[in-house]
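Coordinate analysis (summary)
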Amino acid sequence: MFPMRDAPSRTAEAVCLFRALEQLTPGATRVLDDPYARMFLGPLGRAALNSVGATGRLAHSPLNYAPMLVNFVVARHRFIDDALAAALDDGGVDQVLLLGAGYDTRAWRFADRLGGVPVFEVDHPSTAGRKAQIVEKEAGLPAANRTVVHVDFQVHSLRERLFAAGFQPQGRTFTVWEGVSMYLTREAVKACLRAVHDITAPHSRLAADFWFLTDGSDLSSAAHRMGANLLHVLGEPVLFGIHPEESGFFVGQLGYDMLDLCGTAELEARYLGARKSLPGEFVTLMEAR
Ligand SMILES: C[S@@+](CC[C@H](N)C(=O)[O-])C[C@H]1O[C@@H](n2cnc3c(N)ncnc32)[C@H](O)[C@@H]1O
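Residues numbered from 1 in each chain as written. Predicted model: local features only at pLDDT ≥ 70, side-chain atom pairs only at ≥ 80, totals over all residues.

Considerations on the overall build of the protein
If you tally the helices and strands in the protein, you get 11 helices and seven strands. On C-alpha atoms alone, the protein measures out to a radius of gyration of 18 Å, which is about the 19 Å that the 2.2 N^0.38 rule sets for 289 residues. Counting only C-alpha atoms and orienting by the principal axes, one finds that the protein spans roughly 50 × 45 × 40 Å. Taking all 289 residues of the protein together, 41% fall into the buried category. (Helix = DSSP H or I, 4+ residues; strand = E, 2+ residues; numbered from the N terminus. Rg over C-alpha atoms; globule rule 2.2 N^0.38 Å. Buried ≥ 20, exposed ≤ 12 C-beta atoms within 10 Å, placed from the backbone.)

Take a look at the structure:
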């Protein structure tokens, strides 16, 4: 277990910046439309957004790693948006659960489609606290049925905190667990998946992404392996990974069937066109048995 952080998550702000950057892409070619992401950027994030806006260039790197990372993050978000939209269209969602919500803006972006379906945003108190301060001051956000729940997955009982916050036991739930599993211990990952399975209805869906130790010998794969160590220096070490080939068995033991799994090639084919995604990450959609 790593020590509880007191500072808001930097990776949450980084992926929020990536979604804000996508708004600079012309509408027709945009993978994702998140007009609210920029509201949650601090001074550094805003400076990066302005710099890319002014120069039209993300970074100078022979690896092109930064654009690949941005592309992965927006494609993963889009994959999950599409899965949520399909579940809402089917009419089978009583509540939405965002685990490790960070600066996820789905409660606002999907407000019309949700039609009052409650969204429970769970996050570490430090990140949830910063988001709350921004939301309080922001006049440009639409009305949303949002409940914020403070949880440290490594320490607190998700079940107890959610029930105390009004989460409907055994409700038909769409859960988003995006960009979080890699920062938890294996035990915490399993405990979290078990807890969600226990408190939601059968056939509830869960979208989650996973990191894995890619064995590619190319420079991008090497950069991806090094990135995990860099995140350690930033205070958010990558702790958990699972290979896509083993993920069906892993989640199967915890009561989930894998409905869809998108790795690098699939994300490029479905969403990114000529833009390249990262090796070593994939996003999934599962259904509780
Ligand atoms: C990379 S960010 C992803 C945020 C959001 N899901 C998104 O995609 O924009 C990781 C999130 O996981 C949360 N997180 C990491 N470890 C956590 C823990 N032990 N308990 C609660 N939240 C945690 C962080 O606070 C942060 O919001």
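Details of the packing of helix α1 (residues 10-22) against helix α3 (residues 65-90)
At a closest axis distance of 9 Å, the pairing of α1 and α3 adopts a crossing angle of 85 degrees. Our classification of the angle between α1 and α3 gives roughly perpendicular. Seen from α1, the contacting residues are V15, F18, R19, L21 and E22; seen from α3, they are V70, V73, V74 and H77. For the contact of α1 with α3, the class distribution of residues is six nonpolar, one polar and two charged. (Axes fitted to C-alpha atoms, helices over the stretch in contact; angles between N-to-C directions. Parallel < 35°, antiparallel > 145°, perpendicular 65-115°, else oblique. Contact = placed C-beta atoms within 7 Å. Nonpolar A, V, L, I, M, F, W, Y, C, P; charged D, E, K, R; others polar.)

Structural notes on the site of the ligand
The immediate surroundings of the ligand are formed by 21 residues, with S9, T11, G100, G102 and G179 found nearest. Among the elements that make up the shell around the ligand, the one with the highest residue count is α1 (four residues). The residue makeup of the shell around the ligand, split by class, is nine nonpolar, eight polar and four charged. (Near = placed C-beta within 6 Å.)

A few points about the nonpolar core
Counting 76 residues, the largest nonpolar core has C16, F18, L98, L99, F120, V122 and C192 as its most contacted members. Looking at this core element by element, the count peaks at 13 residues for α3. Sequence-distant contacts of C192, that is, excluding residues within four places in its chain, are made with L99, F153, L158 and L184. (Core = buried A, V, L, I, M, F, W, Y, C linked by C-beta atoms within 7 Å.)

Notes on the sheet that holds strand β2 (residues 119-123)
If you trace the seven strands from one edge of the open sheet to the other, you get β3-β2-β1-β4-β5-β7-β6, paired in mixed fashion. Of all strands in the sheet, those with a lone pairing partner are β3 (146-150) and β6 (256-262), marking the two edges. Within this sheet the neighbouring strands show an average axis-to-axis angle of 20 degrees, counted without direction. Sitting on the sheet, helix α6 (residues 125-137) touches β2 and β3, and the angle it makes with β3 is about 145 degrees. Those strands touched by helix α10 (residues 244-253) are β5 (205-211), β6 and β7 (281-288), and its axis lies near 155 degrees from that of β6. (Pairing = 2+ DSSP bridges.)

Re the environment of E187
Structurally, E187 is set in helix α8 (residues 186-199). Taking the number of C-beta atoms within 10 Å as the measure of exposure, E187 has 11 and is therefore exposed. Sequence separation between E187 and D33 is 154 residues; the distance between their C-alpha atoms is 35 Å.

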